[in-house]
Structure formats: structure tokens, C-alpha cells
Amino acid sequence: MDKYVEMIRMRFLMMLAYRTDYYTGILIYSINIGAYYFLWNAIYGEKSSIEGLTSIQMTTYVAIAWMARAFYFNNIDREIAAEIKEGKVAIELIRPYNYLGMKTMQGLGEGIFRFFFFSIPGMILVALIFPIQLPYNPVSWGYFGISLLLSFVINTQINLLTGITAFFFYNNAGLIRAKRVIIDLFSGLILPISFYPFWAQDIMKYLPFQGISYVPSMIFTNGFSGSEIVYALLQQSVWVLILLIPIRLLWTAAKKQLIIQGG
Amino acid sequence: MNNAIEVTQLRKEFKSYSSRTGLRGAFRDLLTRNYKIVPAVNDINFTVKQGEMVAYIGENGAGKSTTIKMLTGILEPTSGKLRVNGMNPHREREKFTRTIGVVFGQRSQLWWDIAVQESFRLLKKVYKVSDQQYDEHMGHVIKTLDIGPLLDKPVRKLSLGQRMRCELAAALIHNPPLLFLDEPTIGLDVLVKLKIREFLKEINEKYNTTILLTTHDLGDIEALCNRVVMLDEGKIVYDGELDSLKNNWAEQKEIHFQFMNHVNLSELKSLPLTFSAEWEYDEKDQTYIAYLKEEDENISQLISVVVSQFKIKDVKIHETSIEEIVRNIYEKGMN
Ligand SMILES: Nc1ncnc2c1ncn2[C@@H]1O[C@H](COP(=O)(O)OP(=O)(O)OP(=O)(O)O)[C@@H](O)[C@H]1O
Ligand SMILES: [Mg+2]
């Protein structure tokens, strides 16, 4: 266990070494949130609520969805692909640890860093500029925390899956880009799931993506009632378990297939 | 357990794709690709005893690194049997990797952007080394390799020689009984090479560490290894003592002279020597080359006689390289 904690710390240190990159990041995210804020204001106009969300809830949804993204988002898939291309996995395989486990911990280290240096200051900044309603109830914060952690796990699992494909297709950059667009679209980051047409919602119910952004954001904005929250958390947990299966299968196949590039 | 490494009929094949020519060829490549199966390691056998230091040599592309990757559990062999430290490296990977140390000269295993000591700290945790063990063992390693002042520097700011010493230290954190070194001295200057050789000799004596190293530097082998395993196109072509290999195949040394004044080749040929030496004149570089067998004090005798008679501008002793030995073996056949 020790080594995994150490790996989180390590990644944290690495991020700290490059922290200036992040100040520009906060600005970009704030601009994004601002753009969506004005867009939604125009759409709402005189209406007090659409699909069960008031305009303040909508603003809060947009803000929290982007700030949560800073935590769950990582480039583990691209890192894995690069390590395979450059033959660096060789080094990882002579270590007595689980490569994918270590990659996950690196993602978590990155997530924790961004949570403190990005999401929190970013949220304070956004709350000062836009009308946002934070949950008063500590229980909602608790549910939100759990849900956010699960969303990190699901997103990372999907990243691991996309990353491992580099073992089979030497160049999987296109796949990685496609995955990114799919997640931004189907996770509810850009549009809450309840705004999609019913047939699309029906399909999305059977996909893991809404566990990444829609669920934690809805919990935060009080868009879910008590039993809906529990159901949503359960659904996230089930996806975490289901996704373990293809990861395991793909990884076993990948190790057999492995060819190390370079001398 | 007596043998650190046991290899029987070990084989690794790679698919090597070839592209068809032209546009039509490119389209056909999309559907089916031409490939050949190339054995990089071709049914080899050898064993290494605990505590031995073995040089694993051969020309570029001979299959050395591929063998090491199988021995360390990174690649799965196509066929053959493999027992290293009593385990199957690929099957029992996590347990197995605790018992080996690996250095790839061409590839860093330290984390690029952060201080060396952070990498050490992580590896210490990964290998579950206690504080006491670490202080005792690594304290010594750090002192011997003289890397104390480098520990708080990020790896990307180290020179190649500095980094390589840190790499070596990193591979030894858990004091493994078996060490694989794939070109550990590549690109290093003489002083760093000497330091690394001294160090390897010392840990071999102190802990009876088995060392398998690949290198293109005959000096490394002479300093460290009695035994040489030579590979060519995936097959072992020699397995035995370094001395007999050199006596049979290194044949000659070349000594290159440049003189201040003009010298006739015949004057050189008639120098009083107790052995025979052949002379040649290389017009392009204006150098005179003496070929002689490397025995007794031949070299010092030759040089001292030449120096006493002519004014010298430059002398170079040309070491026979591993590549030349391999070529000799191939041209003249084994035994
Ligand atoms: N990933 C790969 N795919 C296809 N062929 C490979 C691959 N890796 C190595 N080979 C081939 O296997 C052979 C042996 O390569 P290897 O890296 O083991 O050589 P080496 O003895 O270490 O050479 P060097 O001294 O140059 O490091 C070479 O012919 C090489 O082209
Ligand atoms: Mg090599």
C-alpha cells in the first residue's frame, strides 16, 4: 500500500514543479463557465425552470461540472500510449508492482493536485462572479464527495482501456481523441443528460459515461432527490466493477502481445 | 540454489513487416501485410552460476537485449525453458522482479522531472526496504559511486555519466542477488567507466552478486568478466574464457605511429626486436602501422625501440574491438 501512496506523492511533486501551467488553466475554465452561463441565460429567458432545473441550478451545474472535470480528468491514456511507443513500459515491467495500479495512482496524484490548486480556487473565483448556489446540507457534500471519487475511478478505467489499446495498434492517437469527445458529450459535461431526447437518454442509461459528470453535478446542484442519489451512486459503483473485467482481459492479452520498441 | 540462470532452447521470434512498393502496393498493404518471421534469439542454451560475472557480447542486432528482456520477465519467450533465480520470470513477474536489478544504458529508470532522491525514496517503498537496511547499504553505494551531491538535483539536469551512476545505485536499492546490465558504460568517459567497473567488482566480492552484462567495450569485459558468451544472429557462437577467446581471435594489436621527420618503411622493418612485427604505411593519414601479437612485453619493447631511434609526433594503440573478434571468428570459422 505504501508504494501506492508514495506514487501519489511523487506525482503531486511533479505537478508542483510545473504549477504555473495551471494558472492559465483556471482562466480557460472560467471563460468556459462564463460562456455557458450567458448561453444558458439566453435560453432560459423568462422561464423559471427547464427539465426540472432552475436557472441558478443550471449555472451551478455548469460551474461544478467543469471544476469536477479538473479532478477526474487525466491524460493517463496518452501517457500509457507514449510509454509503449517509446519502449518505456520495459522499465515498468521490471518493478514489483502492478503497472495499471500505479498509473491509476499517478492519475489520483494529479487529481488531488488539481483539486487543491485548481478546483478550489477556481470555484471561489467563479462563485464571486456568477450567482451560484452551494449545497447547505453537509450530507449533500458527503454524497458529492463519494460520487466525485467514483467518477474519477470510472474515467480512469476508461482511460486505462483506451491506453492499453496502444499495445495492439501502434498508433491509437485517433482513438484517444474520439474517446475524449465522447466523454465530454455523453457524460453530461456540456449538456445535462435530462436535456437529451428520450431515445438518447435511454441509450445513455446503459453506458458508463453519465457516472463521470452528470451524477456528481446533479448531486451538487440538488437536482436529485434522496432515493435518486442512492440509486445513482449504486449505478456508478456497478460500473466500476463491470469495467474491471475488460481491463483485466485486455491487459492479459496485451502482455502476451507486448513488443518493446528500441534496444 | 546454485544456478542463477538456466536457459534451455530459448527462442524469440519477431514478425518483421515489409512494405510493398508503389501506390498499389500501399493499398494491398492495407488489406494483407507481408511479413517474415525472424528469430532474434535462436534456440540458445547456457547457465550462469551464482556469483559469476558474465559478459554477453555480439554485434549490433545479435539479440543481446532481446535475451535480457526475456531473462528479466519483460518479454515472453516464443519457446524454450527459462529459470532465473529459481523462478519463471514472466509467469511469476512480481515476485521475481524483487530478486533482480536491471540497468538499461539507453533508457532511464529514474523519474525525469524530480530529484534523484525522490526516485530512490519511491523505489525503497516499492521494494519494501527498511530504513536501517537502506541507510547501511545505500549509504555505502552512494559514497562509493560518489553521487551524494547529485541526490537533490532533478534527473534531467544530470550529465550522462552522473545519471548512469545514479541509475546503477537505483538498480541496487534492494541489494538484488542478480544484476542485468545492458550496455551500462555506453557513452561514458574513461574515469566514469573505471569507477563503475571498480564498483561492480566490489559488490560482486562483497555480496556474491551475479552479474550479466552486455557491452561493446572490451575494457569492461577485461576488467570484470572471466567468462564470455558471444552471440551472433541469435545463436551462441562462443561460451568460455575471455583469455582463450582473445588469444585465438584477437590475434594482433595495431600500433599507429606518426613521426616528426620522414622515415623509411625499411628502417622500421629492420629494427632490432625479439619477435616479429609487420609494418605498413598508410599514406592518407601519414601513419606507420605495426602489427604484432599481444604477448609478454611486445608492445612496450616495440614502443621503446621506436622511440629511441625516431622522433615521434603521435602514438596510438588500437584495441581490437569485439566486432572485429566476431568478424574474425566468422571469417575463419570456430575452433
Ligand atoms: N520490437 C521488435 N520488432 C521486430 N524486431 C525486433 C524488435 N526488437 C528487436 N528486433 C530485432 O531483433 C534483433 C535483435 O535485437 P536486439 O535489440 O536484441 O539486438 P542487440 O544484440 O541488443 O543489439 P545492440 O548491440 O544494437 O543493442 C534485431 O535484428 C532487431 O531488428
Ligand atoms: Mg541492445
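Details of the structure are given in the entry above.
Here is a short report on the structure shown in this document. Since the structure is predicted, the reported quantities are computational estimates derived from the model, not experimental observations.

1. A look at the overall build of chain A
Of the regular secondary structure elements, chain A holds 11 helices and two strands. The N-to-C order of helical and strand elements in chain A reads α-α-β-β-α-α-α-α-α-α-α-α-α. At 19 Å, chain A has a C-alpha radius of gyration in line with the 18 Å of a compact globule built from 263 residues. With respect to the three principal axes, the spread of C-alpha positions in chain A is 65 × 40 × 35 Å. Roughly 12100 Å² of accessible area belongs to chain A as shown, and the carbon and sulfur atoms make up 69% of that amount. Positive and negative side-chain charges in chain A, numbering 19 and 14 respectively, have mean positions lying 7 Å apart.

2. Comments concerning the pairing of strand β7 (residues 210-214) of chain B
Residues and elements named next belong to chain B. Burial runs high along β7: five of the five residues are buried. In β7, alternate side chains face the same way, and those of Thr 210, Leu 212 and Thr 214 on one face and Ile 211 and Leu 213 on the other are all buried. Pairing analysis gives four bridges linking strand β3 (residues 53-58) to β7, with the strands arranged parallel. Within β7, the residue paired with Ala 55 across the bridge is Leu 213. Note that the unit made of strand β6 (residues 178-182), helix α7 (residues 190-207) and β7 has a crossover that is right-handed.

3. Points about α7 of chain B
All names here are of chain B. Here α7 contains 18 residues, and its C-alpha end-to-end distance of 26 Å stays within 8% of the 26 Å for a straight helix at 1.5 Å per residue. Inspection of α7 places Val 192, Lys 193, Ile 196, Arg 197, Phe 199, Leu 200, Ile 203 and Asn 204 among the buried residues, and these make up the whole buried set. The arc enclosing the buried residues of α7, seen along the axis, measures out at 165°, which places them on a common side. Within α7, the exposed residues directed more than 90 degrees away from the buried face are Val 190, Leu 191, Glu 198 and Glu 205. Of the surrounding elements, those touching the buried residues of α7 are β3, α5 (131-145), α6 (160-171), β6, β7 and α8 (218-224). One side-chain oxygen at the N-terminal end of α7 lies 3.0 Å from the backbone nitrogen of Leu 191; it belongs to Asp 189. Asn 208 sits one or two positions beyond α7 and adopts a positive phi of about 55°.

4. A word on the site of ligand 1
Around ligand 1 there are 14 residues in total, and Ile 259 of chain A together with Gly 61, Lys 64, Ser 65 and Thr 66 of chain B lie nearest to it. In this structure, ligand 1 is bordered by residues of chains A and B. Between ligand 1 and the protein, one listed contact pairs an oxygen atom with a backbone N or O atom of Gly 63 of chain B at 2.9 Å. Here an oxygen atom of ligand 1 sits 2.9 Å away from a polar atom, N or O, in the side chain of His 216 of chain B. Starting from 640 Å² of accessible surface for ligand 1 in isolation, the protein chains cover 71%. Tallying contributions element by element places helix α2 (residues 64-71) of chain B first for the shell around ligand 1, with three residues. Class assignment of the residues belonging to the shell around ligand 1 gives a composition of five nonpolar, six polar and three charged.

5. What about the sheet that holds strand β8 (residues 227-232) of chain B?
All names here are of chain B. Taken together, the six strands give an open sheet; going across it, the order is β5-β6-β7-β3-β8-β9, and neighbouring strands pair in mixed fashion. Bordering the open sheet on either side are β5 (100-104) and β9 (235-241), each of which pairs with just one other strand. Along the sheet, successive strands turn relative to each other by an average axial angle of 15°, direction set aside. Each of β3, β5, β6, β7 and β8 touches α2; the most contacted strand, β6, lies at about 150° to it. Sheet strands touched by α7: β3, β6 and β7. Its angle to β6, the strand with the most contacts, is close to 160°.

6. Remarks on the interface of chain A and chain B
Listed as interface residues are 30 residues of chain A and, on the opposing side, 31 residues of chain B. Between chain A and chain B the total buried area reaches about 2900 Å² when both faces are included, carbon and sulfur atoms providing 60% of it. Counting the surface chain A buries against chain B, the share from its top three residues, Ile 94, Arg 95 and Pro 96 of chain A, is 22%. Our enumeration of links across chain A and chain B arrives at three salt bridges.

7. Side note on the packing of aromatic side chains
A full pass over the atoms with the stated rule returns 26 aromatic pairs over all chains. Considering the side-chain rings of Phe 71 of chain A and Phe 115 of chain A, the 5.8 Å spacing of their centres and the 70° angle between planes classify their relative orientation as edge-to-face. With Phe 71 of chain A in helix α3 (residues 55-72) and Phe 115 of chain A in helix α6 (residues 99-129), the pair connects residues that are 44 residues apart, well separated along the chain. In this structure Phe 71 of chain A comes out as buried when scored by relative accessible area, which is 6%. Classification of Phe 115 of chain A by relative accessible area gives partly exposed; the value is 29%. Between Phe 257 of chain B and Phe 259 of chain B, the ring centres sit 5.9 Å apart and the planes meet at 5°, which makes this aromatic pair stacked. This pair shows no difference in class: Phe 257 of chain B is buried, exactly as Phe 259 of chain B is. Aromatic ring contacts, followed pair by pair, group Phe 257, Phe 259, Trp 279, Tyr 281, Tyr 288 and Phe 310 of chain B into a single cluster. Above the plane of the ring of Phe 73 of chain A lies Arg 69 of chain A, whose end atom (NZ or CZ) is 4.6 Å from the centre. The positively charged end of Lys 124 of chain B is found above the aromatic ring belonging to Tyr 134 of chain B, 5.9 Å away from the centroid.

8. A closer look at the sheet that holds strand β4 (residues 79-84) of chain B
The strands that make up a sheet are held in pairs by hydrogen bonds between backbone atoms, and each pair lies either parallel or antiparallel. Residue and element names in this part refer to chain B. If you trace the three strands from one edge of the open sheet to the other, you get β2-β1-β4, paired in antiparallel fashion. The two strands at the open ends of the sheet, each matched to only one other strand, are β2 (34-49) and β4. With direction set aside, neighbouring strand axes in the sheet form an average angle of 25°. Of the pairings in the sheet, the one linking strand β1 (residues 3-18) to β2 comprises 12 bridges and is antiparallel in character. Within the sheet, the bridge partner assigned to Ser 18 lies in β2 and is Asn 34. This element, α2, spans β1, β2 and β4 of the sheet and lies at about 120° to β1.

9. Digging into the pattern of salt bridges
Applying the stated rule across the entire model yields 28 salt bridges over all chains. A salt bridge links Lys 179 of chain A to Asp 77 of chain A; its shortest N-O distance comes to 2.6 Å. Highlighted residues: Lys 179 of chain A in helix α8 (residues 173-186) and Asp 77 of chain A in helix α4 (residues 76-85), separated in sequence by 102 residues. The exposure class assigned to Asp 77 of chain A is buried, which follows from its relative accessible area of 2%. For Arg 156 of chain B, the salt bridge is made with Asp 113 of chain B, and the minimal N-O distance between the two is 3.4 Å.

Rules behind the numbers
Residues numbered from 1 in each chain as written. Chains lettered and ligands numbered in written order. Predicted model: local features only at pLDDT ≥ 70, side-chain atom pairs only at ≥ 80, totals over all residues. Heavy atoms only, no water. Helix = DSSP H or I, 4+ residues; strand = E, 2+ residues; numbered from the N terminus. Rg over C-alpha atoms; globule rule 2.2 N^0.38 Å. Areas by Shrake-Rupley, 256 points an atom, 1.4 Å probe, with all protein chains shown as cover. Lys, Arg positive; Asp, Glu negative; His and termini not counted. Charge placed at Lys NZ, Arg CZ, Asp CG, Glu CD. Buried < 20%, exposed > 50% of the residue type's maximum accessible area, 1.4 Å probe, protein only. Pairing = 2+ DSSP bridges. Right-handed = clockwise from strand over helix to strand, strands pointing away. Expected span 1.5 Å × (residues − 1). Arc of directions from axis to C-beta. Contact = heavy atoms within 4.5 Å. Polar contact = N/O pair within 3.5 Å; in protein donor to acceptor, adjacent residues only side chain to side chain. Near = heavy atom within 4 Å. Nonpolar A, V, L, I, M, F, W, Y, C, P; charged D, E, K, R; others polar. Axes fitted to C-alpha atoms, helices over the stretch in contact; angles between N-to-C directions. Buried area = accessible area lost by both parts, 1.4 Å probe. Salt bridge = Lys/Arg side-chain N within 4 Å of Asp/Glu carboxyl O. Phe/Tyr/Trp six-rings, centres within 6.5 Å; stacked < 30°, edge-to-face > 60°. Lys NZ or Arg CZ within 6 Å of the ring centre and 35° of its normal.

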